[in-house]
Amino acid sequence: MIWENFQEFFHPSWHRKIRPWVESEDCDRVYAFLKKESKRGKKIAPLSSNVFRAFKETSYDELKVIMVGLSPYHTFYQGKPVADGLLMSCSVTGKLQPSLDQFYGAVEHELYKGLNLHIIKNADLKYLANQGVLLLNSSLTCEMNKPGSHLKIWKPFMMYLFENVFDATGVPFVFLGAEASKYSNYVPIFTHHFEISHPASASYSGVEWDSEGIFKKLNKILKDSNNESIKWVEHDS
């Protein structure tokens with residue numbers, strides 16, 4: 001692919017890192033696959049303008065945490081894809097999904113013991129992405145009602161990231177679910193990484209998601225290394 005056709009989808013800080021992949025045959029294959037599926041009448045999530053949104057909202061130079069999930073939401077609402085390009089985020093429809101509701105419930109319980117009544121359950125996780133949390137799915141697209149259907153086509157991109165981009169960041173990783181955890185084998189040595197269940201699994205089981213203290217752990221790591229922290233939720237007062 002021609003880089004100039006793609007660079008607008010990425011924050012400028014990613015350009016030098018991502019360009020080699022965009023100009024590779026692997027990228028050509030992804031583009032050809034998605035174009036073919038679309039011509040066949042397949043509905044694909046998220047919108048094409050949001051496929052690389054995680055790399056648009058989060059600056060490479062300000063990375064603090066990399067969170068990896070499985071696949072974008074595969075459902076559509078009123079003709080629009082629920083997925084918006086950020087892990088668990090659903091800003092296109094504004095309709096809060098069970099996974100994201102579980103996420104907020106876990107943050108509230110872990111950090112505020114369930115007593116903070118002013119947490120804003122925002123359907124858009126841009127506020128986290130802009131703080132340096134890369135909200136990435138293992139597959140950047142999927143076919144409607146077929147979760148994980150595009151995992152194979154995106155694997156070369158994920159491998160490129162782990163082998164050529166993420167290896168130099170030094171930031172902690174969080175893998176949500178068994179499928180995402182397969183990439184934990186490629187985390188650089190001496191780099192913090194955590195493997196926990198995906199909030200979706202708790203929703204399917206009808207129980208509260210156990211975040212295993214992940215938000216406190218991450219903020220402690222950030223505090224100890226750079227005296228930083230992540231504001232995991234927004235408040236209305």
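Note that the structure is predicted; figures quoted are calculated from it, not measured.

(A) View of the overall build of the protein. Each helix and strand in the protein was counted, giving nine helices and 10 strands. For 237 residues, the compact-globule estimate of 2.2 N^0.38 gives 18 Å, and the C-alpha radius of gyration of the protein, at 17 Å, lies within 12% of that figure. The dimensions of the protein, computed from C-alpha atoms along their principal axes, are 50 × 40 × 30 Å. Evaluated residue by residue, the protein yields a buried proportion of 51% over its 237 residues. Contacts in the protein between residues far apart in sequence, at least 24 positions, make up 66% of those at least 6 positions apart. One way to put it: in the protein the 27 positive side-chain charges average out to a point 5 Å from where the 27 negative ones average out.

(B) The arrangement of the environment of Glu212 in detail. As for its position among the elements, Glu212 is in the loop between helix 8 (199–205) and helix 9 (214–226). Distance from Glu212 to Ser149, taken between C-alpha atoms, is 29 Å for residues 63 residues apart in sequence. Setting aside anything within four residues of it in sequence, one finds Glu212 in contact with Ile196 and Lys217.

(C) Summary view of the packing of helix 1 (residues 15–22) against helix 6 (residues 151–164). Orientation of helix 1 relative to helix 6, taken along the N-to-C sense of each, is 145 degrees, at an axis distance of 11 Å. As helix 1 packs across helix 6, the resulting crossing turns out to be right-handed. Contact with helix 1, carried on its side by Lys17, Ile18, Pro20 and Trp21, involves Trp154, Pro156, Phe157, Tyr160 and Leu161 of helix 6 and no other residues of that element.

(D) Focus on the pattern of salt bridges. Counted according to the given criterion, the structure contains 12 salt bridges. Where Arg29 meets Glu25, a salt bridge forms, and the shortest distance between an N and an O atom there is 3.9 Å. Placement of both Arg29 and Glu25 in helix 2 (residues 25–39) is noted, with a separation of four residues, approximately one turn of the helix. Overall, Arg29 belongs to the partly exposed group, its relative accessible area being 46%. For Glu25, a relative accessible area of 58% corresponds to the exposed category. One salt bridge connects Glu143 with Lys146, and the closest N-O pair in it is separated by 3.6 Å.

(E) Spotlight on the pairing of strand 9 (residues 193–196). Burial along strand 9 is one-sided: Phe194 and Ile196 are buried, while His193 and Glu195, pointing the other way, are not. In terms of strand pairing, strand 8 (residues 173–176) meets strand 9 through four bridges, oriented parallel. Bridge pairing in strand 9 links Phe175 to Glu195.

(F) Broad picture of the packing of aromatic side chains. Using the criterion set out here, one finds 24 aromatic pairs in the structure. Centroid distance Trp14 to Tyr60: 5.1 Å. Interplanar angle 70 degrees. Geometry classified as edge-to-face. On the criterion of sequence distance, the pair formed by Trp14 in the segment before helix 1 and Tyr60 in the loop between helix 3 (53–57) and strand 2 (65–69) is long-range, its members being 46 residues apart. You can call Trp14 buried: its relative accessible area is 0%. Residue Tyr60 is classed as buried on the basis of its relative accessible area, which comes to 13%. Between Tyr183 and Tyr186, the aromatic rings sit 6.4 Å apart at their centres with planes inclined by 50 degrees, giving tilted as the arrangement. Here the aromatic cluster, defined as three or more aromatic residues joined through ring pairs, consists of Phe6, Phe9, Phe10, Trp14, Trp21, Phe52, Phe55, Tyr60, Trp154 and Phe157.

Reading the values: rules and limits
Just so you know, the residues in each chain are numbered from 1, in the order the chain's sequence is written. Side-chain atom pairs in this predicted model are given and counted only at pLDDT of 80 or more, local residue features only at pLDDT of at least 70, and totals for whole chains, interfaces and linings cover all residues. Side-chain numbers here rest on the full set of heavy atoms in the structure, without hydrogens or water. Every helix listed is a DSSP run of H or I at least four residues long, and every strand listed is a run of E at least two residues long, numbered separately from the N terminus. A radius of gyration in this sense is built from C-alpha atoms; the matching globule rule multiplies 2.2 Å by the number of residues raised to 0.38. Here the term buried applies to any residue with accessible area under 20% of the maximum for its type, exposed to any over 50%, and partly exposed to those in between, with areas from a 1.4 Å probe on protein chains only. By the convention used here, residues are in contact when the closest approach between their heavy atoms is within 4.5 Å. His is not counted, nor are the chain ends, whereas Lys and Arg count as positive and Asp and Glu as negative. In plain terms, the charge of a residue is placed at NZ if it is Lys, CZ if Arg, CG if Asp and CD if Glu. Note on geometry: axes are lines fitted to C-alpha atoms, helical ones only across the stretch in contact, with angles between N-to-C directions running from 0 to 180 degrees. It is the rotation of the near helix from the far one that decides the hand of a crossing: anticlockwise by less than a right angle makes it left-handed, clockwise makes it right-handed. A side-chain nitrogen of Lys or Arg and a carboxyl oxygen of Asp or Glu constitute a salt bridge if their distance falls within 4 Å. Between any two strands, pairing holds if DSSP finds at least two bridges. Think of it this way: a Phe, Tyr or Trp ring, Trp meaning its six-membered ring, pairs with another when their centres are within 6.5 Å, and the plane angle makes it stacked under 30 degrees, edge-to-face over 60, tilted otherwise.

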